[in-house]
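What follows is the residue order along each chain.
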Amino acid sequence: MTESLRAHALTLLREPEAAAKRAGLRQLRAAPPPSGADQALNQPDTALPGRPARPLLCEHLHLPKRSAHTPEGRAALLHAIAHIEFNAINLALDAIWRFPGLPDAYYLDWLQVADEEALHFELLQQHLRSLGKAYGDFDAHDGLWAMCDRTKHSFRARMALVPRTLEARGLDATPPLQRKLAQAGDTRAVEILDIILRDEIGHVAIGNRWYRWACEQDGVTDMAADFAQLCQQHQAPRPRPPLNLGARALAGFSAQELECLQRQAAPAAPAAPAA
Ligand SMILES: [Fe+2]
Ligand SMILES: [Fe+2]
């Protein structure tokens, strides 16, 4: 019997190397097997996610500040974005295998996300190499996977807090980051971030679509109250101004939701790059 898409996703999530994840995703994307929506899959969380021995993971606050204006600082900044993309591959693979019983379209949406995240990682890794660095040369933090773990028991919370919150924060963070990199003369990095921003609008749109679907299924009538409650329950980070209102509108946030997000936005602080 052909192995299901969900089973493949779990295998690729356990896989430590990005190149193998990318190759596997390319194959799945070219000819997706049946989703295996109703298949029972079990995996101890201690073995997840697969990742290489480096980068070393440390507390977010222990990471040094990075300036785009020195070659080392720029490489560290690009490394931080590459690490976000590596995590984003794992987040998308987890969204596929973790939640059974969903429509086929859900699994195919997240296959597309995983494949695009793997491309983002590869583009950044190639660029890092051109700067004489490789993925693993700097330390990194584990904030994205931590949110994935906190929302593993709830499909609705996962959609609300990973794509609709964390990836959406990336939409806001990308244009200021592109301005910094442009000032530093790194036109290739700006081009790569253009590709990432374009794709990330799609990822957030997928999150919005499936969060709304989950609300309908669960009989949630006040989505705004539900979203606020999930953010509080799972200690989601607040949006950071300035919000990228154009990109967020393209990703499906309503005018009312954008107003609400703007009210929640914390005072300006250094922003994290896109997923
Ligand atoms: Fe993404
Ligand atoms: Fe990405």
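Residues numbered from 1 in each chain as written. Chains lettered and ligands numbered in written order. Predicted model: local features only at pLDDT ≥ 70, side-chain atom pairs only at ≥ 80, totals over all residues.

Undergrad: I'm lost on the overall build of the chain in this one. Help?
TA: Counting its secondary structure elements, the chain contains 10 helices and 0 strands. In the chain, the order of α-helices and β-strands from amino to carboxyl end is α-α-α-α-α-α-α-α-α-α. Looking at the chain as a whole, 45% of its 275 residues are labelled buried. (Helix = DSSP H or I, 4+ residues; strand = E, 2+ residues; numbered from the N terminus. Buried ≥ 20, exposed ≤ 12 C-beta atoms within 10 Å, placed from the backbone.)

Undergrad: I keep staring at the packing of helix 4 (residues 104-130) against helix 7 (residues 187-218) and nothing clicks. Help me out?
TA: Each pair of packed helices can be described by the angle between their axes along with the distance between the axes. For the pair helix 4 and helix 7, interaxial distance at closest approach is 10 Å and the crossing angle is 165°. In terms of orientation, helix 4 lies roughly antiparallel with respect to helix 7. As helix 4 runs across helix 7, the sense of the crossing is left-handed. Contacts between helix 4 and helix 7 pair Tyr-106, Asp-109, Val-113, Glu-116, His-120, Leu-123, Leu-124 and His-127 from the former with Arg-188, Ala-189, Ile-192, Ile-195, Ile-196, Asp-199, His-203, Ile-206 and Trp-210 from the latter. Broken down by class, the residue content of the contact of helix 4 with helix 7 amounts to 10 nonpolar, 3 polar and 4 charged. (Axes fitted to C-alpha atoms, helices over the stretch in contact; angles between N-to-C directions. Parallel < 35°, antiparallel > 145°, perpendicular 65-115°, else oblique. Left-handed = near helix turned anticlockwise from the far one by under 90°. Contact = placed C-beta atoms within 7 Å. Nonpolar A, V, L, I, M, F, W, Y, C, P; charged D, E, K, R; others polar.)

Undergrad: Mind showing me how you'd approach the nonpolar core here?
TA: In a soluble, globular protein the nonpolar side chains are often hidden away together inside. Core analysis: the biggest nonpolar cluster contains 64 residues, and Ile-89, Ala-92, Leu-93, Ile-96, Trp-110 and Ala-114 have the highest contact counts within it. Among the secondary structure elements, those contributing two or more residues to this core are helix 1 (5-14), helix 2 (18-30), helix 3 (71-98), helix 4, helix 5 (143-150), helix 6 (155-183), helix 7 and helix 8 (223-233). At 16 residues, helix 3 tops the list of elements feeding residues into this core. Beyond its immediate stretch of four places on either side in the chain, Ala-114 contacts Leu-25, Ile-89, Ala-92 and Leu-93. Judged by nonpolar contacts, the second largest core, of 7 residues, contains Leu-171, Ala-247, Ala-251 and Phe-253. (Core = buried A, V, L, I, M, F, W, Y, C linked by C-beta atoms within 7 Å.)

Undergrad: How should the packing of helix 2 against helix 4 be read in this particular structure?
TA: Remark: helix 2 packs on helix 4, axes separated minimally by 9 Å, with the N-to-C direction vectors making an angle of 140°. Considered as vectors, helix 2 and helix 4 are oriented oblique to each other. As helix 2 runs across helix 4, the sense of the crossing is left-handed. Residue-level contacts link Ala-18, Lys-21, Arg-22, Leu-25, Arg-26, Leu-28 and Arg-29 of helix 2 to Leu-111, Ala-114, Asp-115, Ala-118, Phe-121 and Glu-122 of helix 4. Among the residues forming the contact of helix 2 with helix 4, the class breakdown is 7 nonpolar, no polar and 6 charged.

Undergrad: What am I meant to see in unusual backbone geometry here?
TA: Trans is the prevailing form of peptide bonds, just as negative phi is the prevailing case for residues other than glycine. Geometrically, the link from Arg-54 to Pro-55 is a cis peptide bond, its omega value of 10° lying close to zero. Its location among the elements puts Pro-55 in the loop between helix 2 and helix 3. Going from Pro-241 to Pro-242, the amide bond is cis rather than trans, its omega being -5°. Summarising the element assignment, Pro-242 is placed in the loop between helix 8 and helix 9 (245-250). Unusually for a residue other than glycine, Gln-235 sits at a positive phi of about 50°.

Undergrad: How do you make sense of helix 2 when you look at a structure like this?
TA: Side chains that are three or four residues apart share a direction in an α-helix, a result of its 3.6 residues per turn. The first and last C-alpha atoms of helix 2 sit 18 Å apart over 13 residues, in line with the 18 Å expected at 1.5 Å per residue. Regarding helix 2, the residues found buried are Ala-18, Lys-21, Arg-22 and Leu-25. For helix 2, the angular spread of the buried residues around the axis is 95°, confining them to a single face. Exposed and facing more than 90 degrees away from the buried side of helix 2 are Ala-19, Arg-26 and Ala-30. Close packing links the buried residues of helix 2 with helix 1, helix 3 and helix 4. (Expected span 1.5 Å × (residues − 1). Arc of directions from axis to C-beta.)

Undergrad: What is the right way to read the environment of Arg-156 from this model?
TA: Topologically, Arg-156 is positioned in helix 6. The exposure class assigned to Arg-156 is buried, which follows from the 20 C-beta atoms found within 10 Å. Residues Arg-156 and Leu-230, spaced 74 residues apart in sequence, show a C-alpha to C-alpha distance of 9.0 Å. In this structure Arg-156 touches Tyr-211, Ala-214, Cys-215 and Asp-218, once residues within four positions along its chain are discounted.

Undergrad: For this particular structure, what's the right way to read the environment of Met-223?
TA: For Met-223, the location among the structural elements is in helix 8. The exposure class of Met-223 is partly exposed, given the 16 C-beta atoms found within 10 Å. Residues Met-223 and Glu-257, spaced 34 residues apart in sequence, show a C-alpha to C-alpha distance of 9.8 Å.

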